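Observations on chain architecture
Each chain is listed here by its residues.
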Amino acid sequence: MRSGRPASRNTIQRQLVLTALGDLNIHATAEQVYDRVSTMHPSISKATVYRNLGRLAETGAIANIGSFDGATHYDHRLHRHYHFVCDSCGRIFDVSGDISGLCDEIEDTDGHEVRGHSLNFAGVCRDCRGKTDAGLSDRTS
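Below, the structure is looked at part by part. (Residues numbered from 1 in each chain as written. Predicted model: local features only at pLDDT ≥ 70, side-chain atom pairs only at ≥ 80, totals over all residues. Heavy atoms only, no water.)

Considering the overall build of the protein
Threshold: What counts as a helix is a DSSP run of H or I of at least four residues, what counts as a strand is a run of E of at least two, and both are numbered from the N terminus. Burial classification: accessible surface area is computed with a 1.4 Å probe over protein chains only, and a residue below 20% of its type maximum counts as buried, one above 50% as exposed, and the rest as partly exposed. When checking whether two residues touch, look at their non-hydrogen atoms; a contact exists if any pair is within 4.5 Å. Here the Shrake-Rupley method, with its probe set to 1.4 Å, supplies the accessible areas, and only the displayed protein chains count as covering residues.
In terms of regular secondary structure, the protein is built from five helices and five strands. Residue burial in the protein is summarised as follows: out of 141 residues, 27% are buried. Partitioning the contacts of the protein with sequence separation of at least 6, the portion at a separation of at least 24 is 48%. Accessible area for the protein stands at about 9,600 Å²; split by element, carbon and sulfur atoms hold 49% of it.

This is how it looks when you write it as structure tokens:
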């Protein structure tokens, strides 16, 4: 007799959600994933998509990267990276870096055991900065 939680099943619905997230190739919201899945399988419910996103995040098959503008975003890329969120256009970009020294410092200074971390940067992306810079140069000419 087995105890504990039942084994996670790779259902057809879960695979559809995972495929849609990869196909979108963005840091998609549940709504965006639902829109994508429902075009291929109109009978799937929104609740099924949301539930499967949650389960995929729980098992580590995808990452829940947090809420921005009131919507939770998911990432199918699981390599170590961080995120930059543009305050102007709202897009989310992958960024690389090494903060292992910071994790070591937290452990050494505070005595905590760091088992994982997520880090998001906020600011203005290069495209929006370019639009702002172009607008400034237009006004100064």
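From this point, the discussion proceeds with the structure in view.
Examining unusual backbone geometry
We note that Asn25 has phi near 55°; this positive angle belongs to a residue other than glycine. Here Asn25 shows up in the loop between α1 (12-24) and α2 (30-40).

Some thoughts on the side chain of Asn52
So the rule is basically this: Two N or O atoms count as a polar contact when they lie within 3.5 Å, although within protein this holds only if one can serve as hydrogen donor and the other as acceptor, and sequence-adjacent residues are included solely when both atoms are side-chain atoms.
One can find Asn52 in helix α3 (residues 46-59). Here the side chain of Asn52 touches Thr48 through a polar contact of 2.8 Å, landing on its backbone oxygen. Beyond its immediate stretch of four places on either side in the chain, Asn52 contacts Thr11, Gln13, Arg14 and Val17.

Examining the packing of α2 against α3
Counted only if it meets this: Axis angles are defined between N-to-C directions and span 0 to 180 degrees, where every axis is a line fitted to C-alpha atoms and, for a helix, only to the segment in contact. Throughout, the term roughly parallel applies to angles under 35 degrees, roughly antiparallel to angles over 145, roughly perpendicular to angles from 65 to 115, and oblique to all others. For any helix crossing, the convention is left-handed if the near helix is rotated counterclockwise from the far helix by under a right angle, and right-handed if that rotation is clockwise. Each residue is assigned to one of three groups, with Ala, Val, Leu, Ile, Met, Phe, Trp, Tyr, Cys and Pro labelled nonpolar, Asp, Glu, Lys and Arg labelled charged, and all others, Gly among them, labelled polar.
Where α2 meets α3, the closest approach of the two axes is 9 Å, and the angle between their N-to-C directions is 125°. Relative to α3, α2 is oriented oblique. Here α2 runs over α3; the crossing is right-handed. Within the contact between the two elements, α2 uses Ala30, Glu31, Val33 and Tyr34 and α3 uses Lys46, Val49, Tyr50 and Leu53. Looking at the contact of α2 with α3, its residues break down into six nonpolar, no polar and two charged.

What to know about α2
How we decide: Of all possible arcs, the one meant is that of the directions from the helix axis to the C-beta atoms.
Of all the residues in α2, the buried ones are Ala30, Val33, Tyr34, Val37 and Ser38. The arc that holds the buried residues of α2, viewed along the axis, is 125°, so those residues lie on one side. Against the buried residues of α2 lie α1, α3 and β2 (71-75).

Looking at the nonpolar core
To keep it simple, the criterion reads: Buried Ala, Val, Leu, Ile, Met, Phe, Trp, Tyr and Cys residues form a nonpolar core when they are joined through side-chain atoms within 4.5 Å.
Ranked by size, the top nonpolar core spans 15 residues in total, and within it Val33, Val49 and Leu53 carry the most contacts. Elements supplying a minimum of two residues to this core: α1, α2 and α3. In contact with Val33, not counting residues within four places along its chain, are Val17, Ala20, Leu21, Leu24, Ala28, Val49 and Leu53.

Notes on the pattern of salt bridges
The cut-off we apply is this: Between Lys or Arg on one side and Asp or Glu on the other, a salt bridge is scored when a side-chain nitrogen of the former is within 4 Å of a carboxyl oxygen of the latter.
All chains considered together, the criterion is met by six salt bridges. In this structure, the salt-bridge partner of Asp94 is Arg77, at a minimum N-O distance of 3.4 Å. Note that Asp94 is positioned in strand β4 (residues 92-95) and Arg77 in the loop between β2 and β3 (82-86), a separation of 17 residues in sequence. Take Arg77: its relative accessible area is 21%, and that puts it in the partly exposed class. In this structure, Glu113 engages Arg115 in a salt bridge whose closest nitrogen and oxygen atoms are separated by 3.2 Å. A relative accessible area of 57% places Glu113 in the exposed class.

By themselves these figures say nothing about function.
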